[in-house]
Amino acid sequence: SEEEIVFDLVGVDAPIANALRRIMIAEVPSMAIEVVRFVDNSSVIPDEVLAHRLGLIPIRADPRLFSSKTSSEEEDSPLNTISLRLCVECTATPNAPDDAPKEQKYRNYKVYSGDIEWIPLGDQAERFGSNPIRPVFDDVLVAELRPGQRIECEMSAIRGIGKTHAKFSPVATASYRLLPHITVASGLSDAQQRELIERCPLGVFDIEDGEVVAKSPRKCTMCRECIRHPGWDDLVALERIRNHFIFSVESVGAWNASDI
């Protein structure tokens, strides 16, 4: 899917596989909120905590279309910065009963990532008109307000990498495991075959040509349930193929998983 991909890496050593994993986590760039300028924040959340929460909201913008800032003194431009704005004020619903749910008593009492507005700079409206810049998810809860409380701020998102700060990492998880290699002794009795098949909670084993085989080794998590009872470790051998890695990569949404 766009958010998750599973692929096999075969014929390489573990250091190469781990280097690839670390590159996906720490070296692939993405856009994230770096600067937050508060105009008003009368919520119970301190400015620095709120700024941190905003910085962790994934932004759907292709970082390949932006350049990285070379220094903190470099001026904002349409090529290196995304300008965003958040302005939400909570008000009381007139004539609402005191025992009414909060959804009925208050208006705008929850501030979500979907309330963030993109303010195009320069020619960005033309460049990104068909795919406007926005938060990846609209339902990330930023803060809760009560009547009279207000949050108004301007934000600047820049391009960065996870090595600098985790908010720039484009993946939620990037991991790998070795492909299991399972060998079952031949000549098992019918009762032993049924017992082995039933004992595996993930359905790894099946019968082919009268013998039990590991039909779906990728499902195996090495839980060792099949060899837990005495004597079965002589009948079933659990190993891993040392140069066959199964990668799982889950994107936070800014990139498609296949592009990462």
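Our structure is the block above this text.
Okay, so let's go over this structure.

What counts, and at which threshold
- Residues numbered from 1 in each chain as written.
- Predicted model: local features only at pLDDT ≥ 70, side-chain atom pairs only at ≥ 80, totals over all residues.
- Heavy atoms only, no water.
- Helix = DSSP H or I, 4+ residues; strand = E, 2+ residues; numbered from the N terminus.
- Rg over C-alpha atoms; globule rule 2.2 N^0.38 Å.
- Buried < 20%, exposed > 50% of the residue type's maximum accessible area, 1.4 Å probe, protein only.
- Contact = heavy atoms within 4.5 Å.
- Patch = residues over 30% accessible without salt bridge, like charges linked within 9 Å, V, L, I, M, F, W, Y side chains within 5 Å.
- Areas by Shrake-Rupley, 256 points an atom, 1.4 Å probe, with all protein chains shown as cover.
- Salt bridge = Lys/Arg side-chain N within 4 Å of Asp/Glu carboxyl O.
- Lys, Arg positive; Asp, Glu negative; His and termini not counted.
- Charge placed at Lys NZ, Arg CZ, Asp CG, Glu CD.
- Core = buried A, V, L, I, M, F, W, Y, C linked by side-chain atoms within 4.5 Å.
- Pairing = 2+ DSSP bridges.
- Axes fitted to C-alpha atoms, helices over the stretch in contact; angles between N-to-C directions.
- Phe/Tyr/Trp six-rings, centres within 6.5 Å; stacked < 30°, edge-to-face > 60°.

1. What about the overall build of the chain?
- Helix and strand counts for the chain come out as 5 helices and 15 strands.
- Its C-alpha atoms give the chain a radius of gyration of 26 Å, clearly above 18 Å, the size a compact globule of 260 residues would have.
- Seen through its principal axes, the chain has C-alpha atoms that stretch 75 × 55 × 30 Å.
- The buried share among the 260 residues of the chain stands at 36%.
- Pairs at least 24 apart in sequence give 76% of the contacts found in the chain among residues at least 6 apart.

2. A word on the side chain of S113
- Within the secondary structure, S113 sits in the loop between β7 (110-112) and β8 (117-119).
- Those residues within four positions of S113 in sequence are excluded, and the remaining contacts are I57, P135, F137, D138, D139, V140 and V142.

3. Some details on a negative patch on the surface
- There is a patch of like negative charges on the surface, built from E2, E3, E4 and E250.
- Note on placement: E250 falls in strand β15 (residues 236-251).

4. A look at the nonpolar core
- One finds I33, L54, I82, L84, L86, I133 and M155 to be the most contacted residues of the largest nonpolar core, which totals 29 residues.
- Of all the secondary structure elements, the ones that give two or more residues to this core are β2 (30-41), α2 (47-55), β4 (82-89), β10 (141-144) and β11 (150-160).
- Look past the residues within four positions of L54 in its chain and what remains in contact with it is I33, V36, L86, I116, V142, C153 and M155.
- Core analysis: the second largest hydrophobic core is formed by 15 residues, L196, C200, C220 and W232 among them.

5. Re the sheet that holds β11
- Read from one edge of the open sheet, 4 strands run β2-β11-β4-β8, paired in antiparallel fashion. With one partner strand each, in any of the chains shown, β2 and β8 form the two edges of the open sheet. On average, each strand axis in the sheet is tilted by 30° relative to the strand beside it, whichever way the strands run.
- With 3 bridges connecting them, β4 and β8 associate as antiparallel partners. Bridge pairing links S83 to I119 in β8.
- Relative to β2, α2 is tilted by about 150°, and along the sheet it contacts β2, β4 and β11.

6. Re the environment of E75
- Tracing the chain through its elements places E75 in the loop between β3 (59-60) and β4.
- In the structure, E75 is positioned 93 residues away from F168 in sequence and 20 Å away in space, judged by C-alpha atoms.
- Beyond its immediate stretch of four places on either side in the chain, E75 contacts K69 and N80.

7. As for the packing of aromatic side chains
- This model, assessed by the stated rule, comprises 6 aromatic pairs.
- Relative to F247, the ring of Y176 has its centre 5.3 Å away and its plane inclined at 45°; by these criteria the two rings are tilted. Residue Y176 is found in strand β12 (residues 171-184), and its partner F247 is found in strand β15; the two are separated by 71 residues along the sequence.
- Judged by its relative accessible area of 28%, Y176 falls in the partly exposed class.
- A residue is classified by how much of its surface remains accessible, and F247, at 0% relative accessible area, is buried.
- One aromatic cluster in this structure is built from F7, Y176, F245 and F247.

8. Overview of the sheet that holds β15
- Reading across the sheet, the 3 strands line up as β1-β15-β12 and stay open at both edges, with antiparallel pairing between neighbours. The sheet is open, and its two borders are formed by β1 (4-10) and β12, each paired with just one other strand. Strand-to-strand twist in this sheet, taken as the mean axis angle between neighbours without regard to direction, amounts to 30°.
- Most of the contacts of helix α1 (residues 14-26) go to β12, to which it runs at about 155°, and overall it touches β1, β12 and β15.

9. Things to note about the environment of E239
- Summarising the element assignment, E239 is placed in strand β15.
- Residue E239 is classed as partly exposed on the basis of its relative accessible area, which comes to 42%.
- In sequence terms E239 and P29 are 210 residues apart; their C-alpha atoms lie 37 Å from each other.
- Non-local contacts of E239, meaning those with residues more than four positions away in its chain, are made with L179, P180, H181 and M222.

10. Topic: unusual backbone geometry
- Phi at N95 is positive, roughly 65°, even though this residue is not glycine.
- Residue position: N95 is located in the loop between β5 (91-92) and α3 (102-105).
- A residue is classified by how much of its surface remains accessible, and N95, at 80% relative accessible area, is exposed.
- Positioned with a positive phi, M222 is a non-glycine residue whose angle comes to about 60°.
- Of note, M222 is situated in the loop between β14 (211-214) and β15.
- Classification of M222 as buried rests on a relative accessible area of 16%.

Without other data, these values stay purely geometric and don't point to any function.
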